[in-house]
Amino acid sequence: MRPSSEAELAEAVAGARGPLLVRGGGTRTLGHAVGEVLETGGLSGVELYEPGALTLVVRAGTPLAEVEAVLAGERQRLAFEVPDLRGLLGREGVSTIGGVVAANASGPRRVQVGAARDACLGARFVDGAGMVVKNGGRVMKNVTGYDLVKLMAGSRGTLGVLTEVSFKVQAIPEAEATLVIEGLGDAAGLAALRAALGSPFDVSGAARHSGRSLVRVEGMAGSVAYRVTQLRARLGGDVTVAEGEESAALWREVRDVVPVRDKPGEIWRIVTLPTAAAEIVAQLEGEALWDWGGGLIWLVLPHGKGADLAAAVAGRGHATRITGQGGPVFPPEAPEVAALVAGLKAKFDPRGILNRGMMG
Amino acid sequence: MDMPAPDLGVIARKARILARLRGILPADAVIDAPEELRVYECDALTAYRCPPLAAVLPRTTDEVSRVLRLCREEGVPVVPRGSGTSLAGGAMPTADSVILGVARMNAVLETDYENRFIRVQAGRTNLSVSGAVEAEGFFYAPDPSSQLACAIAGNIAMNSGGAHCLKYGVTTNNLLGVTLVQMDGTVVTLGGPWGEPAGLDLLGVVCGSEGQLGVVTEAWLRILPKPEGARPVLVGFDSNEVAGACVSDIIKAGILPVAIEFMDRPCIRATEAFARAGYPDCEALLIIEVEGSEAEISEQLARIRQIALAHDPVEFREAADEDQAKRIWLGRKSAFGAMGQINDYMCLDGTIPVSSLPHVLKRIGEMSREFGLDVGNVFHAGDGNMHPLILFNANKPGDLEKCEAFGAEILKLCVEVGGCLTGEHGVGIEKRDLMGVQFSAADMEAQMWVKDVFDPKWLLNPAKVFPLGVSAGRRAG
Ligand SMILES: Cc1cc2nc3c(=O)[nH]c(=O)nc-3n(C[C@H](O)[C@H](O)[C@H](O)COP(=O)(O)OP(=O)(O)OC[C@H]3O[C@@H](n4cnc5c(N)ncnc54)[C@H](O)[C@@H]3O)c2cc1C
Ligand SMILES: Cc1cc2nc3c(=O)[nH]c(=O)nc-3n(C[C@H](O)[C@H](O)[C@H](O)COP(=O)(O)OP(=O)(O)OC[C@H]3O[C@@H](n4cnc5c(N)ncnc54)[C@H](O)[C@@H]3O)c2cc1C
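Caption draft 1: Representation of the site of ligand 2 in the model. Residue and element names in this part refer to chain B. Around ligand 2, 32 residues are found, and the nearest of them are Pro80, Gly82, Gly84, Thr85 and Ser146. One nitrogen or oxygen atom from the side chain of serine 146 is found 2.6 Å from an oxygen atom belonging to ligand 2. One of the side-chain N or O atoms of glutamate 424 is found 3.2 Å from a nitrogen atom in ligand 2. In the complex, the protein chains occlude 92% of the 980 Å² of accessible area that ligand 2 would expose alone. For the shell around ligand 2, the secondary-structure elements that each account for two or more residues are strand S3 (78–81), helix H6 (152–158) and strand S10 (215–222). Tallied by class, residues from the shell around ligand 2 come to 13 nonpolar, 16 polar and three charged.

Structure, rendered in structure tokens:
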């Protein structure tokens, strides 16, 4: 099914006889869910764009690339730095903005500006019974009623099908630079990232891979130069500085998980405390890409290491298997939280037809 | 303002309920003496008052859990309370309800500078969170003007903002996790210091749920390293339109000030008479603050000056030193007090798209003449969050009602131009009956499902947020 309006989509969901598989780009079908494919690509296009108010309202099936091009035309962007995980996941096709929100996507800049949820100002969606719901709006401050936008962001189509989303966007800064720090072991290299993030120099990226730590600053040219000098004086190791496009290329690699994505094994995505990041990796002896100052680890492990990893992460974060046999595996919730999640699913999708089986 | 009729059965069982509460809490944690209950009759929306059945002041999550389980058994509504500074009546009780105040739960449980978070008990005041990490060069970003008094609990419940949220976001963007006690006594942890949930973002919907989903007893908050310095400039214009265009150009240029505040002529005149900050007598005044090192501040201010001068301001004043910076902020910070000096006032909180600013200000001026009540506007211009202050005389019969009707018209206008009823103060009882202006029945139904799941009997702060007619079937059940 490929409805071309919100009303048609609502009708399609209301009239569905069995499970539906919600698909944005149409090529990233996840492992577990089953059902008739419901494509959102027919709901496409920018509804409203006000660069002077940093607001964008866009239909959920709009290709991400189109959104990025429209914004770039005004020297603006989505601040949360959407990763392109096609290489990692071995898929082709076109990401949609609805899929980006449904996955609560975020990239290296999360340490400074948060994830899709933090930029998303409002949403319209169709629930599992075909009811159209709107929440939030297009203004930057809004506490009217409950914040269902946050609930929808990251719900991976299990509570409703997004039809429209609005964002707070960001001006592209005039300059960026990255300090590339070599000559430090993992523990010291990660400590340098934490020191950078704890400094007043407004770091917008802090990652480590292949024996190098990367620290990014963005902003006006003079300010970037000043902060590079200050950070260089505080962080140890052998520092070189990449600027402009050279810096941007380094962060595209981190964002898209390029350094580890082709290594043999299963790739896990671990969210944890930065201070635990070196130890978790040392304990499991996998190859790692650290982002968010160590708060995010993309870790390559041989098959069958899931239990060891769960033990290493217990009490200090959580891990999702992204690639490997049988597709992604999300971590289990605590029983009291699982009860709330089940309760919400029963309300928003009483027939249990949306992406059945996707999030466990 | 309608409130539901109190449950007479509950009131009849008062003695027994109090005896049971005293059985599970220390003696000093249960309050029912009428004179001691007076402080709990209202929050900062003082026009509406009602003494509760009792108030309890637990000290631990376990005590909170026991109180809630007991109240659920007895069918007693519970109204959570932080510091009672809500401007929306969020913490106002009903005669059959128990106020659950978390003010005694104010400890810092953990500070972790390397991982950049603090864990506090929810009754801790906003300012004292920053105070706890200041010595290490950190701060907690959301800074409501009430920060000396308001509690993190209330901030989370209202998803409060502050003057600096243009750069740092509001509470939801700085909240990492909570310990929440549900009405049946179940204690859940949502989120955690690592900041991204494994599954659904339940924390995101708890933040801003106005005490209706559970009682927050502890929170993990993100702390940030303090910038090296900050400095404001003041720019005066003789037209609201031009001031609005200047704001838009600054934002479009990619400069990210931490604050852009706006004041209109009635407000400027009132504050001048009151605080004598030396503001120019003009139609619109902007205060723009930037942060960073000396060199960075100069770089940003040079760019702002260039943009502002292109709009032909009547005044452009940079703060040369700390003292001048204080004077620039003085008038803005005394704006509420200054208006209060003239008369009683009601503070609204709608948000509008920044592009609608001139139109909305013009309409408010026209309505002010129609209703015969004066209005002053202070405004977080960068994000469109308006605070029109309507002046009225509480001792004059009919004036409050007229003021409320005027306020409702302004909020409807905010929604009409694409904005919303409340940007940071919350719905509470104040805007409850206007929810239908912004939301359809389906929109509200979906929100109420969340409450159905967290609090199936609708005992937590039940008479708030949703119009009474809309929530009637659920509250009865
Ligand atoms: C296992 C796995 C984990 C991932 N983790 C991350 C991550 O942590 N961070 C990150 O940035 N990216 C992550 N991604 C990538 C993310 O899916 C893409 O960035 C983005 O979703 C691509 O958009 P799409 O249109 O191709 O979405 P699709 O692949 O079509 O859909 C992605 C998910 O969103 C749902 N969906 C799509 N459109 C809608 C809609 N309109 N309304 C409701 N639901 C919809 C789908 O049902 C599916 O669950 C992950 C991908 C996978 C397979
Ligand atoms: C002079 C003044 C200036 C203000 N300036 C601002 C401003 O700049 N920005 C802004 O956003 N607000 C502002 N406010 C409004 C108010 O201060 C905020 O809404 C604040 O967050 C309320 O906190 P509190 O602790 O006083 O909460 P209370 O008033 O006690 O309660 C507010 C709400 O939170 C709920 N609640 C309280 N504790 C809990 C808990 N433990 N668990 C669950 N729910 C709970 C209550 O039930 C109620 O619905 C201002 C108020 C005043 C009086």
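Caption draft 2: Local environment of the site of ligand 1. All names here are of chain A. Contacts to ligand 1 come from 31 residues, most closely from Val22, Gly24, Thr96, Leu162 and Asn355. Glycine 99 has a polar backbone atom sitting 2.9 Å from an oxygen atom of ligand 1. Measuring from a nitrogen atom of ligand 1, one finds a backbone N or O atom of leucine 162 at 2.7 Å. Summarising the interface, the protein chains cover 97% of the accessible area of ligand 1, which totals 940 Å² for the free molecule. Listed by contribution, the elements that provide at least two residues to the shell around ligand 1 are strand S1 (20–23), helix H4 (97–102) and strand S8 (160–168). The greatest single-element share of the shell around ligand 1, amounting to four residues, is contributed by H4. Tallied by class, the residues present in the shell around ligand 1 amount to 15 nonpolar, 11 polar and five charged.

Caption draft 3: Structural view of the domain arrangement of chain A. All names here are of chain A. Annotation of chain A at the domain level lists domain 1 (6–171), domain 2 (175–255) and domain 3 (258–321). Here the C-alpha centroids of domain 2 and domain 3 sit 22 Å apart. Taking both sides of the interface into account, the surface hidden between domain 2 and domain 3 amounts to around 1000 Å²; carbon and sulfur atoms contribute 66%. The largest per-residue losses of area from domain 2 upon contact with domain 3 belong to Leu190, Arg194 and Glu253, which jointly make up 41% of the total buried on that side. In this assembly, domain 2 and domain 3 are joined by zero salt bridges. On the surface where domain 2 and domain 3 come into contact, there are four residue pairs in polar contact (both at pLDDT 80 or more). Take the side of domain 2 that touches domain 3: its biggest share by element is six residues, from helix H8 (residues 186–197). Taken together, the residues that form the side of domain 2 that touches domain 3 break down as eight nonpolar, one polar and four charged.

About the cut-offs
- Residues numbered from 1 in each chain as written.
- Chains lettered and ligands numbered in written order.
- Predicted model: local features only at pLDDT ≥ 70, side-chain atom pairs only at ≥ 80, totals over all residues.
- Heavy atoms only, no water.
- Near = heavy atom within 4 Å.
- Polar contact = N/O pair within 3.5 Å; in protein donor to acceptor, adjacent residues only side chain to side chain.
- Areas by Shrake-Rupley, 256 points an atom, 1.4 Å probe, with all protein chains shown as cover.
- Helix = DSSP H or I, 4+ residues; strand = E, 2+ residues; numbered from the N terminus.
- Nonpolar A, V, L, I, M, F, W, Y, C, P; charged D, E, K, R; others polar.
- Domains from an automatic or database assignment.
- Buried area = accessible area lost by both parts, 1.4 Å probe.
- Salt bridge = Lys/Arg side-chain N within 4 Å of Asp/Glu carboxyl O.

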